[in-house]
Amino acid sequence: MRLKNLEINGFKSFPKKTNLDFKSPVVCIVGPNGSGKSNVVEAIRFALGEQSIKSMRSKAGADLIFKGSKYLPKGSRASVAIYFDNADKIFKLQNENGENINLDYDVVSVAREVYADGLNKYILNGTEVRLKDINALLASVNIGSSGHHIISQGEADRILNALPKDRREMVEDALGLKIYQYKIKETERKLERTTNNMKEVSLLRRENAPHLNFLKKQVEKFEKAKEMKVELLELYREYLKKESIYLEKEKTSLSTDKKKVIAELEIVKEKISTNPDDNLVIENEKTNNLRALEEKISKIRMVKNELERKLGRIEGMIEMEEKRTVKPERSENVSIQREELESFLKEMNEYLEEAIYIDVLENIAPVLGKVRDILNRFSRNFNQTDNTSISDSQIENLKNTEREVQNEIDKIELEEKNIFTSIENLKNEINQEIEVNRDKEREKYTFKVKYGELSSALNIILVKEENLTRELEIFENEIKEGAGFIGSEILSYKNFEIVEELINKSKQEENRRRIERIKIKLEDVGAGGGGDLLKEFEEANERDQFLAKELEDLSLSIVSLRTLMTDLKEKIDVLFKEGIKKINVEFQEFFALMFGGGTGSLNIVTEQKRKKTDDEEGVEEDDDTPPEQGIEINVSLPHKKVKELQSLSGGERSLTSIALLFAMSQVNPPPFLVLDETDAALDEANSRKYGDMLEKLSKRSQLVVVTHNRETMSRAGVLYGVTVGADGASKLLSVKFDEATAIAK
Ligand code: ATP
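Described in the following lines is the structure provided in the data block. (Residues numbered from 1 in each chain as written. Predicted model: local features only at pLDDT ≥ 70, side-chain atom pairs only at ≥ 80, totals over all residues. Heavy atoms only, no water.)

Here we look at the nonpolar core
Within the largest apolar cluster, 59 residues are counted, with the highest numbers of intra-cluster contacts made by Val 171, Ile 583, Phe 587 and Phe 662. Looking at which element gives the most residues to this core, the answer is helix α11 (residues 531–595), with 13 residues. The contacts of Phe 587, once residues within four sequence positions are left out, are Gly 600, Ser 601, Leu 602, Ile 633, Asn 634, Val 635, Thr 656, Ala 659, Leu 660 and Ala 663. Grouped together as the second largest cluster of nonpolar side chains are 47 residues, Leu 3, Phe 14, Val 40 and Val 706 included. (Core = buried A, V, L, I, M, F, W, Y, C linked by side-chain atoms within 4.5 Å. Buried < 20%, exposed > 50% of the residue type's maximum accessible area, 1.4 Å probe, protein only. Helix = DSSP H or I, 4+ residues; strand = E, 2+ residues; numbered from the N terminus. Contact = heavy atoms within 4.5 Å.)

Some details on the site of the ligand
Around the ligand there are 18 residues in total, and Asn 33, Gly 34, Lys 37, Asn 39 and Arg 57 lie nearest to it. Backbone polar atom of Ser 35 to an oxygen atom of the ligand: 3.2 Å apart, as the coordinates give it. Here His 708 contributes a side-chain N or O atom positioned 3.3 Å from an oxygen atom of the ligand. In isolation the ligand exposes 650 Å². Once the protein is present, 73% of that is buried. Partitioned by chemical class, the residues of the shell around the ligand number three nonpolar, nine polar and six charged. (Near = heavy atom within 4 Å. Polar contact = N/O pair within 3.5 Å; in protein donor to acceptor, adjacent residues only side chain to side chain. Areas by Shrake-Rupley, 256 points an atom, 1.4 Å probe, with all protein chains shown as cover. Nonpolar A, V, L, I, M, F, W, Y, C, P; charged D, E, K, R; others polar.)

Things to note about the pairing of strand β4 (residues 77–85)
Note that strand β1 (residues 2–9) and β4 share seven bridges and pair antiparallel. Each residue of the ladder has a partner; that of Leu 3, found in β4, is Phe 84. (Pairing = 2+ DSSP bridges.)

Some remarks on the side chain of Ser 109
Assignment of secondary structure puts Ser 109 in strand β5 (residues 107–115). By relative accessible area, which is 10% here, Ser 109 ends up buried. Those residues in contact with Ser 109, other than ones at most four positions away along the chain, are Ile 82, Tyr 83, Ile 123, Leu 124, Asn 125 and Gly 126.

Remarks on the sheet that holds strand β3 (residues 26–30)
Judged by pairing direction, the sheet is mixed, and its six strands sit side by side in the order β8-β11-β12-β3-β13-β14 without closing on themselves. With partners counted over all chains shown, the strands left at the sheet margins are β8 (150–151) and β14 (730–735), one partner each. In this sheet, β14 lies alongside strand β13 (residues 718–724) in antiparallel orientation, the contact comprising six bridges. Along β14, the bridge assignment pairs Tyr 720 with Ser 734. In the packing of helix α1 (residues 37–47) onto the sheet, contacts are made with β3, β8, β11 (672–676), β12 (702–706) and β13, and the angle to β11 comes to roughly 145 degrees. (Axes fitted to C-alpha atoms, helices over the stretch in contact; angles between N-to-C directions.)

Looking at empty space enclosed by the protein
Counted according to the given criterion, the structure contains four cavities of 30 Å³ or more. Space inside the largest cavity adds up to approximately 50 Å³. Lining the largest cavity are His 148, Ile 151, Glu 155, Ala 156, Arg 158, Ile 159, Met 170 and Leu 661. For the lining of the largest cavity, the class distribution of residues is five nonpolar, one polar and two charged. (1 Å grid on protein atoms, 1.4 Å probe; cavity = no way out; pocket = protein on both sides within 12 Å on 5 of 7 lines; lining within 4 Å. Points joined across faces, edges and corners; volume = space filled by probe spheres on them.)

Some points on the pairing of β1
Sheet topology note: the β1/strand β2 (residues 18–21) ladder contains four bridges and is antiparallel. Of the residues in β2, the one forming a bridge with Leu 6 is Leu 20.

Focus: the packing of aromatic side chains
On inspection of all chains with the given rule, the structure shows eight aromatic pairs. When the centroid spacing of 4.5 Å and the interplanar angle of 40 degrees are considered together, the rings of Phe 591 and Phe 595 count as tilted. Of the two residues, Phe 591 and Phe 595 are both situated in helix α11; the distance of four residues between them amounts to about one turn of the helix. When sorted by exposure, Phe 591 lands in the same class as Phe 595, which is buried. Here the aromatic residues Phe 84, Phe 91 and Phe 672 are joined through ring pairs into a cluster of three or more. Between Arg 168 and the ring centre of Phe 576, over which it is positioned, the NZ or CZ distance is 4.0 Å. Directly above the aromatic system of Tyr 246 lies the positively charged group of Lys 505, at a separation of 4.0 Å from the ring centroid. (Phe/Tyr/Trp six-rings, centres within 6.5 Å; stacked < 30°, edge-to-face > 60°. Lys NZ or Arg CZ within 6 Å of the ring centre and 35° of its normal.)

Details of unusual backbone geometry
Positive phi values are uncommon outside glycine, yet Lys 12 reaches one of about 45 degrees. Inspection of the secondary structure assignment puts Lys 12 in the loop between β1 and β2. What makes Lys 12 buried here is its relative accessible area of 12%. For Lys 89, which is not glycine, the phi dihedral falls at a positive 50 degrees. Positionally, Lys 89 belongs in the loop between β4 and β5.

What to know about the pattern of salt bridges
Scanning the model with the defined rule gives 50 salt bridges in all. For Arg 301, the salt bridge identified is with Glu 416, shortest N-O distance 2.3 Å. One end of the pair, Arg 301, is in helix α6 (residues 278–326); the other, Glu 416, is in helix α9 (residues 392–486), with 115 residues separating them in the sequence. Take Arg 301: its relative accessible area is 33%, and that puts it in the partly exposed class. (Salt bridge = Lys/Arg side-chain N within 4 Å of Asp/Glu carboxyl O.)

This is the structure:
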């Protein structure tokens, strides 16, 4: 890698596009005071990303733009580009993720523009980039931003004046450790970013946690419900199967019972209906007959009584007639024939006897009539007059009549006897039939009782049937309800295999209660979103897992970043210490060369941390951060006792600075060095030594030297002269050594 050329356009005193080729290892820029030589050096600084406007002798970015002259208008922007030969492809650039960006170009250009409003643009190979990228790019080729490779006018002893801490930075820069510092800064930034990311991710996770928890609980509920549903299905299968068997059995047994009872009922009904109350009819007929016969006999008896009374009367009349014919003497005392009296008493007795046994009142009257007739006839026999005469023929007539009546009576008695026999027979018959009827009644009663029993049995069966219908309804409803919980799978109860055929009712009840309990629990749990819920939970969980993984990755990368940081710091420390040693070797050599003896060395010193002043801002440093390291410069001039830097003369300071700067450049040579009148304070002898050193340096680094010094000019391969024209614009032209010495004056 080497400097190819520099393009200045509108920068400071260069209003027009001005090109400067670095064709030689040593390029000298010469010109009168105020011609714009330092502006060229500043243009290089500017293009390389210098952020200190002050170091470019301006107050604001706009001051860097050509301000115009009497004859030229002011510019609207200043731009400077440096072209590097990149044939060896040494330039490196990485993106945010630490991946290399392809810079496979033969020429790499770094450009910067500034506008009137102060806006800066950084351009890498024509593409606008960030300042950071320019810094990184340059750091990769050991062009640090501290400017140790660009020594501005009067700045040679800057390193001597600097604080030990700032010196350390310059040395680090010169040693090419800046790239590690960048890496540390980058790592710090990454750490900060990672920590922030971690915070954000944790926050996000915390924010998501309640929802995730909620979903988790829901899913747990859902899972529980699923488990319960499985349990429910198992319970249902057994329960419903048993229930269905029970109902089927019940149905069959009821219908069998019903058929049986109905059949029996039919039989009993038949039995009852084929035993009508005919007996009663028969009984009635016979009773009627009996009654008729009794009536008949009573009439016959009345006729018989009548006849007997008639007979009595006739007998009386016969007796009276017979007595009259005998003419019995009338006396006060009535004499009654014993026969007559006995007959009278006998007759009376018979009738009275009969009357006693008559149970029907109306039948007594005829008997009493007969009794009266007997009494009349008896009394008439005593009251008959003697003068009545009855002929024998009359007696005879009476006797005939008497016989007739007697015959009639005999006839009637026969009839009476016959009827009586009939009555007796009929009564017997009736009694017998009553006996028969009584048995039948008894049988019929038994059937009636049976009928009643069967009817109530049938009623019970009907009630049972109703109950069964209700149970069936309940069963169907249970299936419907169960299907609401577990779907159509509930119907698989039909395939459930029952081991024990006997259905244990109490176990069924127990299962039923368990089913109810699960149903209540399921209702309590709620149906839930099912698939949607699960999906949402899975998504949320996945997201949470992702965040957790992210957190893990972040914390891992924090660990690795911290490790990297420690490694980088260690590396810097080691390289720094080694670098100091190497610099010291070179420094001693250059120092002794410049001063013809004496010693010069750098020491690493540990500075106690400064107490922060109130107006100083910044990150609060931890107490355990290591104390800052600085660099001390120790010199000992030959033949002199002076050791303090402050006591050195201007020339001595200059020599010391140059020796140190060159020593630093030797250890880790930068691609180029820009020296703006670093040789200004040197006398002739020292100028020669300076020239020798330039030649030595130019072997490892390109040199751009602004000088008024002939000796220095003599070492240049290419000389540029800077002049200011009448239009007030700086001009650059390639000149010969003689012209240069002439221009420089
Ligand atoms: P010396 O040999 O005395 O150090 P030099 O050659 O280094 O001088 P510079 O310091 O480079 O000179 O140039 C300074 C000149 O540049 C001044 O004349 C100044 O007016 C001019 N200049 C600076 N900034 C601008 C600007 N923005 N526009 C026009 N001219 C400018």
